[in-house]
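For reference, the chains in residue letters:
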Amino acid sequence: MAISNYTLTRMADMLKKQVIGAKISKIVKISNQDFSFFLFAKAQESLIISLDPINPYVLISSDYFQMVSNANSFTTSLKKYFEGGVIIDFEKLENDKIFIFTIKKMTASYQTLINKLVINLIPRQTNALILDMNDIIIDAKRKTSLDDLYPIYPNMHYRYSSNVNNPINENDTLEDIKYKTIKTVYLEFE
């Protein structure tokens, strides 16, 4: 069963306290859909990101997971832009199941890079994207067609869904909520 938007918001609040200021020492692929970011803050822990199409999740774990040897180009991009970096900000979009990690990294040539890791946890639409600070897509685990409503392709501007600018109020009717959220969030209210 997918995690509700309300539960995801509460999880994001707890996760924020744990990840801000943590250094990413290593990134490994632990399955076709899962990644482990080894974090060092107060203790060695892992940020596990699962992009499973049915039950996506993000969690902090102290367990060790076996690495998969067949890394792909997206895993290489994750390492290039985030390994050795520090998580300087974390947020969850208000009306969406999207997490945004802002990560600062110093390159070998002493250049400071600040990029975003966007994790989409909407079932059947799970994705991970690497963006620059101007929201230009650098790479994505799952790229989409240019004909899509929200195309995901390198060097394109990433458009957040329109739900972000339509906060849900306590006086909203079910009909109001239908037009302010994505279908999965609307079904939770229904």
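Treat the numbers as computed from the prediction; the structure is a model and nothing was measured.

What counts, and where the lines are drawn
- Residues numbered from 1 in each chain as written.
- Predicted model: local features only at pLDDT ≥ 70, side-chain atom pairs only at ≥ 80, totals over all residues.
- Heavy atoms only, no water.
- Helix = DSSP H or I, 4+ residues; strand = E, 2+ residues; numbered from the N terminus.
- Contact = heavy atoms within 4.5 Å.
- Areas by Shrake-Rupley, 256 points an atom, 1.4 Å probe, with all protein chains shown as cover.
- Expected span 1.5 Å × (residues − 1).
- Buried < 20%, exposed > 50% of the residue type's maximum accessible area, 1.4 Å probe, protein only.
- Arc of directions from axis to C-beta.
- Core = buried A, V, L, I, M, F, W, Y, C linked by side-chain atoms within 4.5 Å.
- Polar contact = N/O pair within 3.5 Å; in protein donor to acceptor, adjacent residues only side chain to side chain.

(A) Quick peek at the overall build of the protein chain. Each helix and strand in the protein chain was counted, giving four helices and nine strands. Along the protein chain, helices and strands appear, N-terminal first, in the series α-β-β-β-β-α-β-β-β-β-β-α-α. The contacts in the protein chain between residues at least 6 apart in sequence include a share of 43% that link residues at least 24 apart. For the protein chain, the exposed area adds up to about 10600 Å²; of that, 52% sits on carbon and sulfur atoms.

(B) Seen up close, helix α1 (residues 5-19). Over its 15 residues, α1 extends 20 Å from the first C-alpha to the last, a length consistent with the 21 Å expected when each residue adds 1.5 Å. Regarding α1, the residues found buried are N5, L8, A12, L15 and V19. Two residues or fewer past α1, G21 is found with a positive phi of approximately 90°.

(C) Region of interest: helix α2 (residues 73-82). The complete set of buried residues in α2 reads F74, T75, S77, L78, Y81 and F82. Along the axis of α2, the buried positions cluster into a sector of 155°, meaning they face one direction only. Along α2, exposed side chains directed more than 90 degrees from the buried face belong to S73, T76 and K80. Buried residues along α2 sit against β1 (23-29), β2 (34-40), β6 (98-106), β7 (112-120), β8 (127-132) and β9 (137-140). Where α2 terminates, the next one or two residues include G84, which has phi positive at roughly 90°.

(D) Summary view of the nonpolar core. Ranked by internal contacts, the top residues of the largest apolar core, which has 28 residues, are F37, F99, F101 and I119. Setting aside chain neighbours within four positions, we find F37 in contact with I24, K26, I27, E45, S46, L47, I49, L78 and L117. L93, I98, I137 and I152 belong to the second-largest nonpolar core, a separate cluster that totals 10 residues.

(E) Representation of the side chain of S50. Tracing the chain through its elements places S50 in strand β3 (residues 44-50). Polar side-chain contacts of S50 include one of 3.5 Å to the backbone nitrogen of D52. In this view, S50 contacts Q33, D34, N55, P56, Y57 and L121; residues no more than four positions away in its chain are not counted.

(F) Region of the structure containing the environment of D13. For D13, the location among the structural elements is in helix α1. The class for D13 is partly exposed, based on a relative accessible area of 49%. Residues D13 and E91 lie 78 residues apart in sequence; the distance between their C-alpha atoms is 8.5 Å.

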